[in-house]
Protein chains: 2
Amino acid sequence: MSVIVLDAMGGDNAPVCNIDGAVDAVNENSDIRVILTGPEEKITVLLKEKQYDKDRISVVNAESVISLDESPVLAIRRKKDSSLVAGINELREKRADAFISAGSSGAVLAAGQLLVGRLPGVLRPPLGSLIPTVKGTTFFLDMGANVDADPAWLHQFARMGSIYMKEIMGVTSPSVKLVNIGLEEEKGNQLTKAANKLLSEDKELNYLGYCEAREIPEWTADVVVADAFTGNAMVKMFEGTASLFLKLIKQIFKKDLLTKLAAVMILPELKKTLKTFDTSNYGGAPLLGIKSPVFKCHGNATKKEIKNAILQADAYVNSGVNEIIAKAFEKV
Amino acid sequence: MSVIVLDAMGGDNAPVCNIDGAVDAVNENSDIRVILTGPEEKITVLLKEKQYDKDRISVVNAESVISLDESPVLAIRRKKDSSLVAGINELREKRADAFISAGSSGAVLAAGQLLVGRLPGVLRPPLGSLIPTVKGTTFFLDMGANVDADPAWLHQFARMGSIYMKEIMGVTSPSVKLVNIGLEEEKGNQLTKAANKLLSEDKELNYLGYCEAREIPEWTADVVVADAFTGNAMVKMFEGTASLFLKLIKQIFKKDLLTKLAAVMILPELKKTLKTFDTSNYGGAPLLGIKSPVFKCHGNATKKEIKNAILQADAYVNSGVNEIIAKAFEKV
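Predicted model only: the values in this text are computed from it and were never measured.

(A) Inspection of the relation of the copies chain B and chain A at higher detail. Of the transformation superimposing chain B on chain A, the axial component is 0.0 Å and the angular component is 180°, with the fit at an RMSD of 0.0 Å. The superposition operator between the copies reduces to a two-fold rotation axis. By C-alpha distance to the rotation axis, the residue of chain B lying nearest is Ala262 of chain B, at 2.2 Å. When the interface residues of chain B are mapped onto chain A, 100% of them again lie at the interface, so the same face is used by both copies.

Below, the structure written as structure tokens:
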């Protein structure tokens, strides 16, 4: 039985979707207990009408919420009574096995790095994310945790990503690529050139060299590594382009009677294709290399994403991947 | 009358599309002369059957071609008889007003920076690109000329971009934004934080602060600035995502009789929408801040893109924008 603590107040759809997601998760998997952090009275009222095993969801009271416009580091230090810090406390004091939040990215990352703390030997904990692509899943990191990266950090990200893909996704020898602005040896900035050297020298990795951003949406490797600045900009460009295309297609469909009819004819196939890219299937993005697992959901997480994040956190805990990462880096 | 020199052998579709594009350009604008560089015999044969004013296209013989896998700096130094270096020579010796190539990006950039040379006061010449978006055009720079950027370089890129948008695109007070991984003051890496400070202090710029990559496809500012590594990765992610979506839509259309019928019904509207994003309308990407204008076309440039690059180079020359940039930076 794993215990997952969920920040009930984090995200645009909190607390309703968070609570619904938690209820769905315990109903789907009988080996999970969920702790919700947030204003107890409000959450209890919302939980009252739901159908679930009452022993498996509990509430830890937390009266305040860390907002998106607060300085992350100051907020996690000052707002001890926030749903986020209350959740992290449950994790630190071993009353929970994993923590999930859809709240302020900066605050979740800061809490993971500063309050939970790095595993010995880990230089920086990267934020990883499973990206659905046409030909398979890519584990992409760093999504935005550590700007101004160092080559040695990128090397560690590749190692952690490989362990994740092997242990959680069952990929035997995960292929690894490094994002660059060209495939030739001489292309790149100082960071990628130095990281490429480190990655090439590590014989325990299945490192295949550089990839370009344009290859990622169709699939290029099991693990793709970039510094957090480039990684975040790329992922946001992907999201921006994808959502723009969907918007334009909807506009086209709405144009006139003929296009509306075409929409009806094409919609089942279109939905099937779009489902491939539905990131909510994967739940949250793990912050790797810290003492206990922390997952960040999208700010606009639906109850489905919250539910899947809880199931994913449970799988993560049961796989023992955190212990495997700890052991791998201890030796360094 | 402006004279544009075109690398007839650069690009995947060379020399056929390059020659066709040149012919179309001189037929469309009677104030343009084109010099083609490449193997004279081959080009002359291809030109023979075309209809155009024979006085306005000439050929400068160049027997070799710089390939994509050559080291750019070595190649431009060693292959003096290449179509690229021959073209740059026409520009340097003032027999042409602008140079265009769809060949190796690295070699074109190296030739512009090293053989043509920077204008006094310019720290680094950025590669700019007009990006078509839903709500308007964005001039994006640096697309890939200068990795490991310095804050002062980004500041200059913003200034050059503003001049370009004002003089070439007729935007009165071009808005400028800097790519970052969040909009809050504390977000970003050392480079963006320092560049943000410089840009904010420059009262001659209409600087509006940070933007995120996801805002770009729908339009966020007239000029968007990023370091070349991030810029190149973002643009390639945009291209990768867009081309993947088109591929998926085509697959959906082909699925069965019903979807094929839907495709017929929707195609005119879809084509109209896609036309908005057709970068070949804009021709080449200018390398700014060098003594004479150099434009880089896509490696897969069609005759339409080549033609538009020639027309754009002519407009650039006539606008006197290079002289305006020279004057603006002279004072620094």
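(B) Quick look at the pairing of strand 4 (residues 98-101) of chain B. Residues and elements named next belong to chain B. Both faces of strand 4 are covered, namely the face carrying Ala98 and Ile100 and the face carrying Phe99 and Ser101. Relative to strand 4, strand 1 (residues 2-7) runs parallel, the two sharing three bridges. The residue bridging Ile4 from the neighbouring strand is Ala98, located in strand 4. Two strands pair when backbone bridges link them, and strand 4 and strand 11 (residues 294-296) are joined in this way by three bridges, in the parallel orientation.

(C) Highlighting the interface of chain B and chain A. Chain B puts 54 residues into the contact, and the matching count from chain A is 55 residues. Together, the buried faces of chain B and chain A total about 5,100 Å²; carbon and sulfur atoms form 75% of this surface. At the surface where chain B touches chain A, the tally comes to six salt bridges. Where chain B meets chain A, there are ten residue pairs in polar contact (both at pLDDT 80 or more). Of all elements in the fold, only helix 7 (190-201), helix 8 (228-254) and helix 9 (257-276) of chain B reach the threshold of two or more residues within the side of chain B that touches chain A.

(D) Here's a closer look at helix 7 of chain B. The terminal C-alpha atoms of helix 7 of chain B lie 17 Å apart, and with twelve residues this matches the ideal 16 Å at 1.5 Å per residue to within 8%. Where helix 7 of chain B is concerned, the buried positions are Leu191, Thr192, Ala195, Asn196 and Leu199 of chain B. Seen end-on, helix 7 of chain B carries its buried residues on one side only, within an arc spanning 125°. Exposed side of helix 7 of chain B, more than 90 degrees from the buried face: Gln190 and Lys197 of chain B are the residues found there. Against helix 8 (228-254) of chain A together with helix 6 (151-167), strand 7 (175-179) and strand 8 (206-211) of chain B lie the buried residues of helix 7 of chain B.

(E) A look at the nonpolar core. Formed by 86 residues in total, the largest nonpolar core has its most connected members in Phe140 and Val294 of chain A together with Phe140 and Val294 of chain B. The contact partners of Val294 of chain A, leaving out residues within four places of it in the chain, are Ile88, Leu91, Phe99, Val108, Gly112, Val116, Ala285, Pro286 and Leu287 of chain A.

(F) Looking closely at unusual backbone geometry. Residue Asp142 of chain A is reached from Leu141 of chain A by a cis peptide bond, and omega for that bond is 10°. With respect to the secondary-structure elements, Asp142 of chain A resides in the loop between strand 6 (137-141) and helix 6 (151-167). For the bond from Ala14 of chain B to Pro15 of chain B, the omega torsion is -5°, close enough to zero to count as cis. With a phi close to 50°, Asp148 of chain B is a non-glycine residue in the positive phi region. You can see Asp148 of chain B is positioned in the loop between strand 6 (136-141) and helix 6. In the Ramachandran plot, Trp219 of chain B falls in the positive-phi region, its phi being about 100° despite a non-glycine side chain. Tracing the backbone through its elements, the reader meets Trp219 of chain B in the loop between strand 8 and strand 9 (223-225). Judged by relative accessible area, which is 29%, Trp219 of chain B ranks as partly exposed.

(G) Spotlight on the pattern of salt bridges. Summed over all chains, the structure comprises 30 salt bridges over all chains. Asp24 of chain A is the salt-bridge partner of Lys303 of chain A, the closest N and O atoms lying 4.0 Å from each other. Of this pair, Lys303 of chain A sits in helix 10 (residues 303-319) while Asp24 of chain A sits in helix 1 (residues 16-28); the two residues are 279 residues apart in sequence, bridging distant segments of the chain. What makes Lys303 of chain A partly exposed here is its relative accessible area of 41%. For Asp24 of chain A, a relative accessible area of 28% translates into the label partly exposed. The partner of Lys307 of chain B in a salt bridge is Glu28 of chain B, and the shortest N-O contact between them spans 2.9 Å. Of the two residues, Lys307 of chain B is situated in helix 10 (residues 303-319) and Glu28 of chain B in helix 1 (residues 16-28); the sequence distance between them amounts to 279 residues. Take Lys307 of chain B: its relative accessible area is 17%, and that puts it in the buried class. Connected through shared salt-bridge partners, Glu212 and Arg214 of chain A together with Lys236 and Glu239 of chain B make up one network.

What counts and how
Residues numbered from 1 in each chain as written. Chains lettered and ligands numbered in written order. Predicted model: local features only at pLDDT ≥ 70, side-chain atom pairs only at ≥ 80, totals over all residues. Heavy atoms only, no water. Least-squares fit on C-alpha atoms with pLDDT ≥ 70 in both. Contact = heavy atoms within 4.5 Å. Buried < 20%, exposed > 50% of the residue type's maximum accessible area, 1.4 Å probe, protein only. Helix = DSSP H or I, 4+ residues; strand = E, 2+ residues; numbered from the N terminus. Pairing = 2+ DSSP bridges. Buried area = accessible area lost by both parts, 1.4 Å probe. Salt bridge = Lys/Arg side-chain N within 4 Å of Asp/Glu carboxyl O. Polar contact = N/O pair within 3.5 Å; in protein donor to acceptor, adjacent residues only side chain to side chain. Expected span 1.5 Å × (residues − 1). Arc of directions from axis to C-beta. Core = buried A, V, L, I, M, F, W, Y, C linked by side-chain atoms within 4.5 Å.

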